[in-house]
Every structure is written in C-alpha cells, then in structure tokens.
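One letter stands for each residue in the lines below.
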Amino acid sequence: QEAARTLEQAGFDLVIIEDAPSLGSADTIDLRVRHAFGGPKHDPLLLAPYLFQATRHLGVVPTVNPAAYLPYTAARQFSTLQHLSAHRLGLNVVTDTGSARHFSAADQLGHDAAYDRAEEWLDGIRSLWRSWDEGALVQDRETGVFADGSKMRSVRHRGEHFAFDGPLNAVPFTAGEPAIVSPGGSGRGLGFAGTNSDVQLALAPLDEASVRAYRAKIHEAAIAAGRSPADITILFAIQPVITSSPEEADRIVAASAHPDD
C-alpha cells in the first residue's frame with residue numbers, strides 16, 4: 001500500500017502487478033524460494049482491493065492467465081473490482097503455458113494456441129460485460145425499478161475452449177470496461193495486442209532504431225485489426241539502477257557494455 005501511494009503521489013497512471021503462479025520444476029523450486037526469488041507470491045487479483053483502498057486515482061492492473069479463470073467467473077470478479085474501485089481496474093492478460101499443469105489443463109497448449117484461447121476467453125468475457133444493453137440499468141428511486149430485464153441479452157457461448165451462458169449477474173459498467181494490458185513480442189502476441197489491448201508492454205533494446213521498429217510492428221497489428229495506432233499505449237520496459245554517485249553509474253554502464261572484461 002505504501003508503494004502504491006508513493007507511485008500515485010509521483011503522478012503514475014497505473015501499477016501492473018507481475019505474477020508467476022508456478023514455482024517451476026522440482027529442479028528450480030529451491031532456487032526460487034531460498035531467497036524468495038520468484039516465489040512465494042500473493043494472488044494479484046486478491047491483492048488489488050488493498051491497493052485500491054490505499055489510493056484514489058492509481059490504476060491497478062493484476063496479471064491474469066486465461067487458463068486459471070473460467071470466463072463467467074472472471075467476468076463477474078473483474079466487474080465487481082471495476083465497480084468497487086470506481087473504474088480503476090486493468091487486466092494484464094498473459095498466456096504462460098508452463099503454468100497450465102496447475103489449472104487442471106489436461107493438454108498443455110502450444111504458444112499460438114494459448115493466444116487463441118486467450119482471445120476466445122476475452123471475447124467471451126466482453127460479451128458477458130455487454131449483456132446489459134444501454135438503458136438496462138434504470139435505478140429509478142421513485143418507481144422502485146432497478147433494471148429493465150427486457151434490455152438484458154442472453155449469451156450462449158460454445159467455443160473451442162469454453163462454454164457458458166449469460167447474461168452476467170453483475171453490475172454493468174457506467175464508465176468503461178477494464179483496460180487490457182498485454183506483453184509478448186511474437187507475431188501472435190502482437191496480433192493479440194493489435195486486436196485487444198489498450199496497453200502493450202514492449203521488450204526491445206533501448207536504442208532508437210529498435211524502439212521505432214517495435215513500435216511500428218504494434219501499429220501495423222492495430223491497423224490490421226481495424227483499429228487506430230492511437231488506440232494502444234506502448235510502454236517499453238526499463239530496469240532503473242540507483243547508484244550512490246555518477247562515477248558508480250558510469251562503472252555499471254561500462255561493465256554492462258563489456259560483461260566479459
């Protein structure tokens with residue numbers, strides 16, 4: 001909570017809660033837990049309300065894996081958090097296939113197939129969010145009418161990976177759906193971002209040519225999906241290192257440029 005308040009005071013727009021639900025294989029467990037590197041971790045979705053409680057404006061973006069959440073349950077949980085946070089929720093959608101064994105996934109999907117599942121998952125969740133048509137939420141105190149059931153659409157989804165019915169039993173949005181964030185620089189990952197994401201987490205060498213080339217790929221993916229490049233905010237990942245002096249900073253930069261020296 002203190003970290004979230006500090007970020008908000010510094011003018012940041014959002015904080016993304018990284019996650020790795022798996023401790024990996026038997027060979028890596030000791031490495032990960034010995035110094036708490038990579039685990040254990042709080043569940044990001046359950047951590048989000050505590051960060052909302054501590055802030056007023058900061059967007060909170062927990063990491064979610066479509067393999068771990070059934071669409072109807074996910075749509076309801078996300079809708080509740082969006083409502084209770086005054087529309088400050090985002091979702092960092094990841095397709096980590098290595099964690100599938102923890103979620104009763106009999107067949108671990110390949111890289112591109114996991115993105116296909118994520119796309120069906122998100123489409124299904126959005127169909128549930130939008131099952132309350134405009135005007136369905138009445139909230140008329142004088143007549144005592146809360147909602148107009150005739151303006152709620154039934155949803156019947158029968159897909160390759162999921163099957164569920166609607167409409168969603170949750171309060172409809174009044175100020176927009178949760179922002180969608182995604183990482184991934186593969187062709188399929190960029191395609192997912194171009195179609196679905198409001199924010200793309202970009203990994204590229206931080207030189208001008210690489211940044212421009214990566215940015216162009218995301219813009220091309222957005223245009224291919226019928227969207228505008230302006231629809232996606234691109235955030236390039238950096239790892240700042242705080243040093244005690246300019247000389248120490250120069251030494252670290254030189255060492256990173258020539259790690260074998």
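Not measured: the values here are computed from a predicted model.

A. Structural context of the layout of surface pockets. Estimated volume of the largest pocket: approximately 700 Å³. Residue lining of the largest pocket: 27 residues in total, with Ile 16, Glu 18, Thr 63, Asn 92 and Leu 201 positioned closest to the centre. Listed by contribution, the elements that provide at least two residues to the lining of the largest pocket are strand 1 (14-17), strand 9 (199-202) and strand 10 (233-236). Sorting elements by how many residues they give to the lining of the largest pocket places strand 1 first, with three residues.

B. Spotlight on the nonpolar core. Membership of the largest hydrophobic core comes to 33 residues, with the highest contact counts inside it found for Val 64, Phe 78, Leu 91, Trp 121 and Trp 129. Mapped by element, the contributors of at least two residues to this core are strand 1, helix 3 (44-54), strand 2 (59-64), helix 4 (71-84), strand 3 (90-93) and helix 5 (111-129). It is helix 5 that contributes the most residues to this core, seven residues altogether. For Phe 78, the residues in contact, after removing those within four places along its chain, are Leu 45, Val 64, Leu 89, Leu 91, Trp 121, Ile 125 and Trp 129. Listed in part, the eight residues of the second largest apolar core include Leu 190, Tyr 214, Ala 222 and Ile 234.

C. View of empty space enclosed by the protein. What the rule picks out here adds up to one cavity of 30 Å³ or more. Taken as a whole, the largest cavity spans an internal volume of roughly 30 Å³. Lining of the largest cavity is provided by Ser 79, Leu 128, Trp 129, Trp 132, Leu 168, Val 171, Pro 172 and Phe 173. When its residues are assigned to classes, the lining of the largest cavity shows seven nonpolar, one polar and no charged.

D. Structural view of a nonpolar patch on the surface. Side chains of Leu 23, Ile 29 and Val 33 sit close together on the surface and give an oily, nonpolar patch of about 200 Å² of accessible area. Relative to the helices and strands, Leu 23 resides in the loop between strand 1 and helix 2 (29-34). You can call Leu 23 partly exposed: its relative accessible area is 31%.

Quick notes on the rules
Sequence order sets the numbering: in each chain, residues are counted from 1 along the sequence as written. Whole-chain, interface and lining totals are the exception, using all residues; otherwise, since this is a predicted model, local features are given only for residues with pLDDT of at least 70 and side-chain atom pairs are given and counted only at 80 or more. As a convention, hydrogens and water are excluded, and side-chain values are obtained from all of the structure's heavy atoms. Only protein atoms enter the 1 Å grid used here. Points where a 1.4 Å probe fits but cannot escape make up a cavity, open sets with protein on both sides within 12 Å along at least five of seven lines make up a pocket, and a residue lines them when an atom lies within 4 Å of a point. Grid points are joined across faces, edges and corners, and a volume is the space filled by probe spheres set on the points. The helix and strand labels rest on DSSP assignments: H or I over at least four residues marks a helix, E over at least two residues marks a strand, and numbering proceeds from the N terminus. Residues enter a nonpolar core if they are buried and are Ala, Val, Leu, Ile, Met, Phe, Trp, Tyr or Cys, with the set joined through side-chain atoms within 4.5 Å. Remark: exposure states derive from per-residue accessible area (1.4 Å probe, protein chains only) relative to the maximum for the residue type, with buried under 20%, exposed over 50%, and partly exposed in between. In this description, contact between two residues means that some pair of their heavy atoms is separated by no more than 4.5 Å. Three categories are distinguished: nonpolar for Ala, Val, Leu, Ile, Met, Phe, Trp, Tyr, Cys and Pro, charged for Asp, Glu, Lys and Arg, and polar for the others, with Gly belonging to the last. Only residues above 30% relative accessible area that lack a salt bridge enter a patch, with like-charged residues linked at up to 9 Å and the nonpolar side chains Val, Leu, Ile, Met, Phe, Trp and Tyr linked at up to 5 Å. Every accessible area reported is derived by Shrake-Rupley at a probe size of 1.4 Å, with residue values counting cover from the shown protein chains alone. Salt bridge, as applied in this entry: a Lys or Arg side-chain nitrogen positioned within 4 Å of an Asp or Glu carboxyl oxygen.

Keep in mind these numbers describe shape, not what the thing actually does.
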